[in-house]
Amino acid sequence: MVTLCWRPSVKGDGSRRGGYPNGRFKGLMWYKDLGAHANGELSMAVIQANNLMEDQSQIESGPLSSVKLGPHGTFVGVYDGHGGPETSRFINRAFFSNLKTFASEHQEISADAIRKAFLKTEEEFLSLVKRQWQEKPQIATVGSCCLVGVICSGLLYIANVGDSRAVLGRVDKPAKSVTAIQLSTEHNASIESVRNELRSLHPQDSRIVVLKHNVWRVKGLIQVSRSIGDAYLKKSEFNQAPLLARLRLPEPFSEPILSAEPSIYIHKLISKDQFVIFASDGLWDHLSNPEAVDIVHNHPRNGIARGLIKAALHVAAKKREMRYSDLKKIDRGVRRHFHDDITVVVVFIDPHSMNRSSSRSSILSIRGGTPSSPKL
């Protein structure tokens, strides 16, 4: 059992009184301890480990389309970049806008609208790579996982490429217990079914997955099998000069190696479904699903996302036989040797909100840890 070594603030971060509507920074951590969304309350936190923050995240609450009488609800996005911050920043600006466009066309939130938003965002980023290819060829090696959740009309939609994770906390009040239910499908070569999928898709390639330093990697390069970006593993035109030879695959390919096709799951919410934890894999490297939901269930909502990160960092420090207080002194960049960037969004679900009129929905827009993302 992981204990939570943190004392929650009693007064919160001022979000309900407008003091800090977009969160606060403390050292390498950004957090919004408590806020309200259309379907309940939320808590968000981000800790930086890389030289440049590669995680991005957002919550959008209110209208989910551009149509006046269209669907209302809550959108959550967690974007875990790799190779650099460009792709995750791009998704943070583009994805929700694309989703609203397709939701307007469909006049509803649907699995098809979400899927189209993934593929449109991928298409737009690969177009950006093509435009910048001659001046900035390394952008072809930058990619991002993309985990999104949408709460609308009593349904929870979870869609994912990569290995971020969404875990539902289902509470049995009479028994005073909580059950962890993973709702997302992960695309990581460490999972046997993912390796089998890759082998079936690339039967002629005996090295489609390679065990390297005890870690399974696609082509010996990358752990995730699905992503947005990573253009050099999707289009052969980006697997050549001016991209540096050491960053390229030694042999040409005719079919995309990675995919941006999301796994989508639709869950009908019930009264026992109390909260969902959305987090980049940096959290799940150190906490199991049951450990995380136990922490959320047994502690106050106020600051709980920050509490989950701190619990994970205590485990990370223990693994390296050091104290948490010493880990906190390590600066970004060097910090990456101890843990990854970690993003956590905890969305609490009020069952009564499902019956409210859409006109009463709270309108909210928060970008986690990024008051102003630089343009690409």
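Residues numbered from 1 in each chain as written. Predicted model: local features only at pLDDT ≥ 70, side-chain atom pairs only at ≥ 80, totals over all residues. Heavy atoms only, no water.

Asks: Sorry if this is basic, but what is going on with the side chain of D341 here?
Replies: With respect to the helices and strands, D341 occurs in the loop between helix 7 (324-327) and strand 16 (342-348). Despite its burial, D341 pairs with no opposite charge, the nearest such side chain being R336 at 6.2 Å. Looking at D341, its side chain comes within polar contact range of the side chain of N50, at 2.9 Å. Those residues within four positions of D341 in sequence are excluded, and the remaining contacts are I47, Q48, A49, N50, L52, M53, E54, D55, S280 and G282. (Helix = DSSP H or I, 4+ residues; strand = E, 2+ residues; numbered from the N terminus. Buried < 20%, exposed > 50% of the residue type's maximum accessible area, 1.4 Å probe, protein only. Lys, Arg positive; Asp, Glu negative; His and termini not counted. Salt bridge = Lys/Arg side-chain N within 4 Å of Asp/Glu carboxyl O. Polar contact = N/O pair within 3.5 Å; in protein donor to acceptor, adjacent residues only side chain to side chain. Contact = heavy atoms within 4.5 Å.)

Asks: What exactly am I supposed to notice about the environment of D205 here?
Replies: In this fold, D205 is placed in the loop between helix 3 (192-201) and strand 11 (209-212). Take D205: its relative accessible area is 25%, and that puts it in the partly exposed class. Between the C-alpha atom of D205 and that of K219, which follows or precedes it by 14 residues, the distance is 9.4 Å.

Asks: Whenever I open this one, the pattern of salt bridges confuses me. Can you help?
Replies: Any two side chains of opposite charge can pair, on the condition that their charged atoms come close. The full count for this structure, using the stated rule, is 16 salt bridges. A salt bridge links R115 to E261, with the nearest nitrogen and oxygen atoms 2.6 Å apart. One end of the pair, R115, is in helix 2 (residues 111-132); the other, E261, is in the loop between strand 13 (228-229) and strand 14 (263-268), with 146 residues separating them in the sequence. Through salt bridges with shared partners, a single ionic network connects D205, K219 and E251.

Asks: Sorry, what's going on with the side chain of S110 here?
Replies: Secondary-structure assignment places S110 in the loop between helix 1 (86-106) and helix 2. A polar side-chain atom of S110 sits 3.1 Å from the main-chain amide nitrogen of A113.

Asks: Just checking my understanding: could you explain the state of the cysteines for this structure?
Replies: Simply put, the disulfide is a covalent bond whose two ends are the sulfur atoms of two cysteines. Evaluation of the coordinates by the stated rule reveals 0 disulfides. Here C146 stays free of any disulfide, with the sulfur of C145 as its closest cysteine sulfur at 8.9 Å. Judged by relative accessible area, which is 0%, C146 ranks as buried. (Disulfide = S-S within 2.5 Å.)

Asks: Even after reading the chapter, I still don't get helix 3, so can you show me in this structure?
Replies: Residues three or four positions apart in an α-helix share a direction because the helix packs 3.6 residues into each turn. Here helix 3 has its buried residues at V194, R195 and L198. In a view along the axis of helix 3, the buried residues occupy a sector of 100°, so they form one face of it. Exposed positions of helix 3 whose direction lies more than 90 degrees from the buried face are E192, S193 and S200. On its buried face, helix 3 sits against strand 11 and strand 12 (215-218). (Arc of directions from axis to C-beta.)

Asks: Which parts of the structure should I look at to understand unusual backbone geometry?
Replies: A cis amide bond links A241 to the next residue, P242, at an omega of 15°. Note that P242 resides in the loop between strand 13 and strand 14. Located in the positive-phi region is K219, a residue other than glycine, with phi close to 55°. Assignment of secondary structure puts K219 in the loop between strand 12 and strand 13. On the basis of relative accessibility, which here comes to 13%, the residue K219 falls in the buried class. Positioned with a positive phi, D230 is a non-glycine residue whose angle comes to about 50°.

Asks: Which parts of the structure should I look at to understand helix 2?
Replies: Relative to the 32 Å expected for 22 residues at 1.5 Å per residue, helix 2 spans 32 Å between its end C-alpha atoms, a close match to the ideal helical length. A113, I114, A117, F118, T121, E122, F125, L126, L128, V129 and Q132 are the residues of helix 2 that are buried. If you follow the buried residues of helix 2, they end up packed against helix 1, strand 7 (146-152), strand 8 (155-161), strand 13 and strand 14. (Expected span 1.5 Å × (residues − 1).)

Asks: It is not clear to me how the packing of aromatic side chains should be interpreted in this structure. Could you clarify?
Replies: Think of a pair of aromatic rings as described by two things: how far the centres are apart, and how the planes are tilted against each other in angle. For the coordinates displayed, the defined rule picks out 6 aromatic pairs. Residues F90 and F125 carry aromatic rings whose centres are separated by 5.4 Å and whose planes lie at 65° to one another, so their mutual orientation is edge-to-face. Residue F90 is located in helix 1, and its partner F125 is located in helix 2; the two are separated by 35 residues in the primary sequence. With relative accessibility at 11%, the residue F90 sits in the buried group. Judged by relative accessible area, F125 falls into the buried class, the value being 0%. Between W133 and F238 the ring centres are 5.2 Å apart and the planes differ by 70°, which places this aromatic pair in the edge-to-face class. Of this pair, W133 sits in the loop between helix 2 and strand 6 (143-144) while F238 is found in the loop between strand 13 and strand 14, placing the two residues 105 residues apart along the sequence. Each member of the pair, W133 as well as F238, carries the same accessibility label: buried. Grouping aromatic residues by their ring pairs yields a cluster made of F75, F95, F96 and F118. Taking the ring centre of F338 as reference, the NZ or CZ of R320 above it sits at 4.5 Å. (Phe/Tyr/Trp six-rings, centres within 6.5 Å; stacked < 30°, edge-to-face > 60°. Lys NZ or Arg CZ within 6 Å of the ring centre and 35° of its normal.)

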